[in-house]
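Breakdown of the fold
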Amino acid sequence: MSTTFTSAIAEKLSGRNRPEGKRGKLSTPVVLLIIAGSMILLAALRQITGANDLTSSGQFSGALAAAVPIGLAGLGGLWAERAGVVNIGLEGMMMLGTFCAGAVGWQHGPWMAALAGVVGGAVGGLIHAVATVTFNVDHIISGVAINILALGVTQYLAKMWFGAEGSAAQKAGGNDKQSPVMENMPNFSIPGLSDWLHSIEKHHWFLVSDVAGVLDGLVSDVSWLTIVAALLFVGTFFVLWRSAFGLRLRSCGESPVAAESLGVNVYKYKYAAVIVSGGMAGLGGAFLAIGTHMYSDGQTGGRGYIGLATMIFGNWRPGGVAMGAGLFGFMDSLQLRSGGPTVHALLLLVAVLLVGLALWRLKQGKKRPAIISGVVAAALVLWYALTKTVPLEFVDATPYVATLLVLSLSAQRLRMPKADGKPYRKGQGK
């Protein structure tokens, strides 16, 4: 059955029969060119505007920390949707992860907190799988219900466990809104390299100091949990795209009837994918709790939804999710650092990109989108010229604004799994 399955499905999933003109995935050289071009643009923008925080080590260290929970949520969504199950409940699963991490971490340390977060998120994933796979509940309704239930359950249990009068948790500093403080998660820096990069960054040389600042932010005081998250991205790629298990799982999201006809237990693979999805989101929630040393009410702050956006922006592939998480992590870091002047400088960058988009649209003969892009670019240049900073309220909204802009610009190239979100019952193809 394994050989027959592989020969029958692999060609379909590999995209050999892709229609002419259909965009394929980005190659490694193209990705490297995008990264290099982005660095040159940021370096030029820093020189022109004087916004040195654009490429500072602190900005990118914060971006890395902010990207991890978003990326893990996006990776969780990828697992579920590659198996054909839409997971809107990522936010609720992250909430369960933060709560479980806080409940366990103050007594048993950060590593046990991370494990507890995975278990909490996986329980949320299991509930979603039972509702959608076994009982065929609409995936969106089930996901929204999990988000609402997770919010209520975590708030109730926090009052009962952390805020109970005379409890050990309350004596340790817990209350109705937060858990007691846990120990720090160990981190590491590469000896010698961090100091050398920091010394180069301080010179503010064009591009050289910018690259040094970015690298310094990525190799200094990195949490070991960040390394775990990076390994999960690599592992997801090899499991889903380089193994028979992954091929079967992805076939459930493309054509479950065809997969069943070749002997695949579709229910089993869907259950496995959604439980793993919840565990990934729960680990992202645990990362938030561990980073602040406690569970806090409202800690996820919509990152589960942004993680879902990174999955869509990344075209349901791990590399794309990582790039999207990095972008949104960068924007999230700006608001955490109160980056009014930095966001002000980015207005100029967005204007330049919109001008490029307008020219591209004109070349394609699409005059109306080109005019709209040009008008918005002119408005942003005017905004930049007439102000010296942007309001902090707008800075706080930048991750969500970036989410909408990126999704609107990338919508043309997206291709979701064909059976994603569609109801399936065993034997329906007979």
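Residues numbered from 1 in each chain as written. Predicted model: local features only at pLDDT ≥ 70, side-chain atom pairs only at ≥ 80, totals over all residues. Heavy atoms only, no water.

Time to look at the overall build of the protein chain. Per the secondary structure count, the protein chain includes 18 helices and two strands. For 430 residues, the compact-globule estimate of 2.2 N^0.38 gives 22 Å, and the C-alpha radius of gyration of the protein chain, at 23 Å, lies within 12% of that figure. Once the C-alpha set of the protein chain is aligned to its principal axes, its extents read approximately 70 × 65 × 40 Å. Looking at the protein chain residue by residue over its 430 residues, the buried ones come to 48%. Considering only contacts within the protein chain whose residues lie at least 6 apart along the sequence, 79% involve residues at least 24 apart. As displayed, the protein chain offers around 20400 Å² of accessible surface, 67% of which is attributable to carbon and sulfur atoms. In the protein chain, the 33 positive side-chain charges and the 21 negative ones have mean positions that sit 14 Å from each other. (Helix = DSSP H or I, 4+ residues; strand = E, 2+ residues; numbered from the N terminus. Rg over C-alpha atoms; globule rule 2.2 N^0.38 Å. Buried < 20%, exposed > 50% of the residue type's maximum accessible area, 1.4 Å probe, protein only. Contact = heavy atoms within 4.5 Å. Areas by Shrake-Rupley, 256 points an atom, 1.4 Å probe, with all protein chains shown as cover. Lys, Arg positive; Asp, Glu negative; His and termini not counted. Charge placed at Lys NZ, Arg CZ, Asp CG, Glu CD.)

Attention now goes to the pattern of salt bridges. Applying the stated rule across the entire model yields five salt bridges. The residue E254 makes a salt bridge to R415 at a minimum N-O spacing of 2.9 Å. Here the residue E254 occupies a position in helix α11 (residues 244-254), and R415 occupies one in the segment after α18 (392-410), the gap between them amounting to 161 residues. One salt bridge connects R303 with D332, and the closest N-O pair in it is separated by 3.5 Å. One end of the pair, R303, is in helix α14 (residues 303-313); the other, D332, is in helix α15 (residues 318-336), with 29 residues separating them in the sequence. Taking the relative accessible area as the measure of exposure, R303 reaches 15% and is therefore buried. The network of salt bridges with common partners includes R82, E254 and R415. (Salt bridge = Lys/Arg side-chain N within 4 Å of Asp/Glu carboxyl O.)

Before going further, it helps to examine the environment of G71. Secondary-structure assignment places G71 in helix α3 (residues 57-82). Residues G71 and V222, spaced 151 residues apart in sequence, show a C-alpha to C-alpha distance of 16 Å. Aside from chain neighbours lying at most four places away, what touches G71 is F233, V321 and A325.

Here the focus is the nonpolar core. Nonpolar side chains tend toward joint burial in soluble globular proteins. L45, L54, F328, F330, M331, L334 and L346 are the most contacted members of the largest nonpolar core, which has 32 residues in total. It is helix α16 (residues 340-363) that provides the largest number of residues to this core, a total of nine residues. When residues no more than four places from it in sequence are discounted, the contact partners of L54 are L42, L45, R46, Q59, F60, F330, T342, A345 and L346. Within the second largest apolar cluster, 29 residues are counted, among which are L75, L78, I146 and L249. (Core = buried A, V, L, I, M, F, W, Y, C linked by side-chain atoms within 4.5 Å.)

Moving on, we get to the packing of aromatic side chains. Evaluated as defined, the whole model comprises 11 aromatic pairs. Look at F237 and F238: their rings are 5.4 Å apart centre to centre, the planes differ by 80 degrees, and that puts the pair in the edge-to-face class. Residue F237 is classed as partly exposed on the basis of its relative accessible area, which comes to 24%. A ring pair is formed by W383 and F394, whose centres lie 5.3 Å apart and whose planes are at 70 degrees; its orientation type is edge-to-face. Taken together, the positions of W383 in helix α17 (residues 367-386) and F394 in helix α18 put the pair 11 residues apart, joining distant regions of the chain. A residue is classified by how much of its surface remains accessible, and W383, at 29% relative accessible area, is partly exposed. Among the residues examined, F394 registers a relative accessible area of 27% and is labelled partly exposed. (Phe/Tyr/Trp six-rings, centres within 6.5 Å; stacked < 30°, edge-to-face > 60°.)

Moving on, we come to the packing of helix α5 (residues 110-134) against helix α6 (residues 139-161). To characterise two packed helices, one gives the angle between the axes of the helices and the distance between these axes. At a minimum axis separation of 10 Å, α5 and α6 run at an interaxial angle of 150 degrees. As the angle between them shows, α5 and α6 are arranged roughly antiparallel. Helix-helix and strand crossings are classified by hand; for α5 and α6 the assignment is right-handed. Here α5 contributes G124, I127, H128, A131 and T132 to the contact with α6, which in turn contributes H139, S142, G143 and I146. Among the residues making up the contact of α5 with α6, the classes are represented as three nonpolar, six polar and no charged. (Axes fitted to C-alpha atoms, helices over the stretch in contact; angles between N-to-C directions. Parallel < 35°, antiparallel > 145°, perpendicular 65-115°, else oblique. Left-handed = near helix turned anticlockwise from the far one by under 90°. Nonpolar A, V, L, I, M, F, W, Y, C, P; charged D, E, K, R; others polar.)

What follows is about unusual backbone geometry. Look at N136: it is not a glycine, yet its phi comes out positive at around 60 degrees. By secondary structure assignment, the location of N136 is in the loop between α5 and α6. The exposure class assigned to N136 is partly exposed, which follows from its relative accessible area of 30%. Of note, H204 is a non-glycine position whose phi angle comes to about 60 degrees, a positive value. Looking at the element boundaries, H204 is found in the loop between α8 (193-201) and α9 (208-219).

Within the element layout of this structure, Q59 appears in helix α3. Engagement of the side chain of Q59 in a polar contact is seen with the backbone oxygen of F330, the distance being 3.0 Å. Leave out the neighbours within four places in its chain, and Q59 touches D53, L54, F330, S333, L334 and R337. (Polar contact = N/O pair within 3.5 Å; in protein donor to acceptor, adjacent residues only side chain to side chain.)

Our next topic: α5. Helix length check: α5 (25 residues) gives 35 Å between terminal C-alpha atoms against 36 Å at 1.5 Å per residue, within 8%. Positive backbone phi, at 60 degrees, marks N136, one or two positions downstream of α5. (Expected span 1.5 Å × (residues − 1).)

On to helix α2 (residues 28-49). If you check α2, its first and last C-alpha atoms are 31 Å apart, about what 22 residues at 1.5 Å a residue would give, namely 32 Å. Buried within α2 are the following residues: M39, L42, A43, L45 and R46. All buried residues of α2 project into a common sector of 165 degrees when viewed along the axis, lining one side. Pointing more than 90 degrees away from the buried face of α2 are the exposed residues P29, L33 and I48. Each element contacted by the buried residues of α2 is listed here: α3, α9 and α16. Directly beyond the C-terminal end of α2, a positive phi value near 80 degrees is found at G50. (Arc of directions from axis to C-beta.)

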